[in-house]
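These are the residues of each chain, in order.
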Amino acid sequence: MQTKAVSLPDALSWELPDVPAGSVTAEPGSTDLADANDHVLVAAFQAGHDAAFDVIVTRHQRQVYQICYRFVGNHEDAADLAQDVFVRAYRGLKKFKGDSALGTWLYRVAVNTSLNKVAVKRPVMEPLDAAPRLETRGEHPDTTLMRQQDAVRVRNAIRRLPPRQRATLVLRMYRELPHEEIAAILNSSVGAVKANFFHALANLRKQLSR
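Residues numbered from 1 in each chain as written. Predicted model: local features only at pLDDT ≥ 70, side-chain atom pairs only at ≥ 80, totals over all residues. Heavy atoms only, no water.

## Regarding the confidence of the model for the protein chain
- Overall, the prediction assigns the protein chain a mean pLDDT of 78, with 70% of residues at 70 or greater.
- Scored below 50 in pLDDT, residues 9-17 shows 18 contacts in the model against residues more than four places distant or in partner chains. (pLDDT = per-residue confidence, 0-100. Contact = heavy atoms within 4.5 Å.)

## So, helix α2 (residues 38-46)
- Listed in full, the buried residues belonging to α2 are Asp38, Leu41, Val42, Ala44 and Phe45. Projected down its long axis, α2 carries its buried residues within an arc of 165°, all on one side.
- Note on α2: the residue one or two positions beyond its end, Gly48, has a positive phi of about 110°. (Buried < 20%, exposed > 50% of the residue type's maximum accessible area, 1.4 Å probe, protein only. Helix = DSSP H or I, 4+ residues; strand = E, 2+ residues; numbered from the N terminus. Arc of directions from axis to C-beta.)

## Regarding the pattern of salt bridges
- Scanning all chains against the criterion turns up 2 salt bridges.
- The salt bridge partner of Asp38 is Arg59, with a shortest N-O separation of 2.9 Å. Linking Asp38 in helix α2 with Arg59 in helix α3 (residues 51-72), this pair joins segments that are 21 residues apart in sequence.
- The partner of Arg88 in a salt bridge is Asp84, with the nearest N and O atoms 3.4 Å apart. Remark: Asp84 and Arg88 occur in helix α4 (residues 75-92); sequence separation between them is 4 residues, near one turn of the helix. (Salt bridge = Lys/Arg side-chain N within 4 Å of Asp/Glu carboxyl O.)

## Thoughts on the environment of Arg155
- As for its placement among the helices and strands, Arg155 is situated in helix α6 (residues 141-159).
- Separated by 84 residues in sequence, Arg155 and Phe71 have C-alpha atoms that sit 9.1 Å apart.

## Observations concerning the packing of helix α8 (residues 179-186) against helix α9 (residues 190-208)
- Two numbers describe how α8 lies on α9: the axes approach to 8 Å, and their chain directions differ by 100°. Between α8 and α9, the crossing angle belongs to the class labelled roughly perpendicular. Contacts between α8 and α9 involve His179, Glu180, Ile182 and Ala183 from the former and Val190, Val193, Lys194 and Phe197 from the latter.
- When its residues are assigned to classes, the contact of α8 with α9 shows 5 nonpolar, 1 polar and 2 charged. (Axes fitted to C-alpha atoms, helices over the stretch in contact; angles between N-to-C directions. Parallel < 35°, antiparallel > 145°, perpendicular 65-115°, else oblique. Nonpolar A, V, L, I, M, F, W, Y, C, P; charged D, E, K, R; others polar.)

## A few points about unusual backbone geometry
- Not every positive phi belongs to a glycine, and Glu176 is a case in point at roughly 55°.
- Along the chain, Glu176 turns up in the loop between α7 (163-174) and α8.
- With phi around 55°, Asn187 is a residue other than glycine that occupies positive phi space.
- Structurally, Asn187 can be placed in the loop between α8 and α9.

## Some details on the nonpolar core
- Core analysis: the biggest nonpolar cluster contains 43 residues, and Phe53, Phe71, Leu93, Trp105, Val111 and Leu171 have the highest contact counts within it.
- Mapped by element, the contributors of at least two residues to this core are α2, α3, α4, α5 (102-120), α7 and α8.
- Per-element tally for this core: the top contributor is α3, with 12 residues.
- Once you skip the residues sitting within four places of it in the chain, Val111 turns out to touch Ile67, Phe71, Ala167, Leu171, Ile185 and Leu186.
- Membership of the second largest hydrophobic core comes to 11 residues, among which are Val154, Ile158, Phe197 and Leu204. (Core = buried A, V, L, I, M, F, W, Y, C linked by side-chain atoms within 4.5 Å.)

## Some remarks on the packing of aromatic side chains
- Taken as a whole and judged by the stated rule, the model has 6 aromatic pairs.
- An angle of 40° between the planes, with centres 5.5 Å apart, marks the rings of Phe45 and Phe53 as tilted.
- Since its relative accessible area comes to 7%, Phe53 is described here as buried.
- When the ring of Phe96 is compared with that of Trp105, the centres are 5.3 Å apart and the planes differ by 50°; the resulting orientation is tilted.
- Taking relative accessible area as the criterion, Phe96 reaches 13% and is therefore assigned buried.
- A relative accessible area of 13% means that Trp105 is categorised as buried.
- Joined through ring pairs, the aromatic side chains of Phe45, Phe53, Phe86 and Tyr90 make up one cluster.
- Here the guanidinium or amino end of Arg70 rests over the ring plane of Tyr174, the centre of that ring lying 3.5 Å away.
- Seen from the ring of Phe45, Lys94 lies directly overhead, with NZ or CZ sitting 4.7 Å from the centre. (Phe/Tyr/Trp six-rings, centres within 6.5 Å; stacked < 30°, edge-to-face > 60°. Lys NZ or Arg CZ within 6 Å of the ring centre and 35° of its normal.)

Printed below as a string of structure tokens:
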């Protein structure tokens, strides 16, 4: 039986839930810096105030977790990866010179950590009947099932993409970053980012049309 093709704009629009409670933890005592901007937080941390890093974790954990989730596709691995990202960030932030925004730098750490993870671990494909339940009030059950199965097919197709294409797609489609910022995160050129994004979409369309 021929599989229905999935519309890419619709399929890629599905959102992740917020980062689950307890996925990444920050210590109490950071409320005094809660309203400080990232530049001030970095300066405070580099001056020896560890509480500033707790605020950084709280502020950026959702975005970091969701990037990790797009690479590994399950909460357990994504939570472990996010923890690893912030451990690496803690160790590396002392040398951060502010050449880019803190969020851009954290994205770079998250992408590199995720790419290292998927390079040594074969991606696990989700069975179509294992799709999680979505909130679809008033929708016909058959339509709900189709949407859930399409979501699984898209996630599995993304896991089959080459690493650079996968990273570019995640940052462009799910984080809505401009090509220039993606190039900074991936230490690449804008032209290479555009080419990777084009090829990623072409590969997805090919997989989803089967």
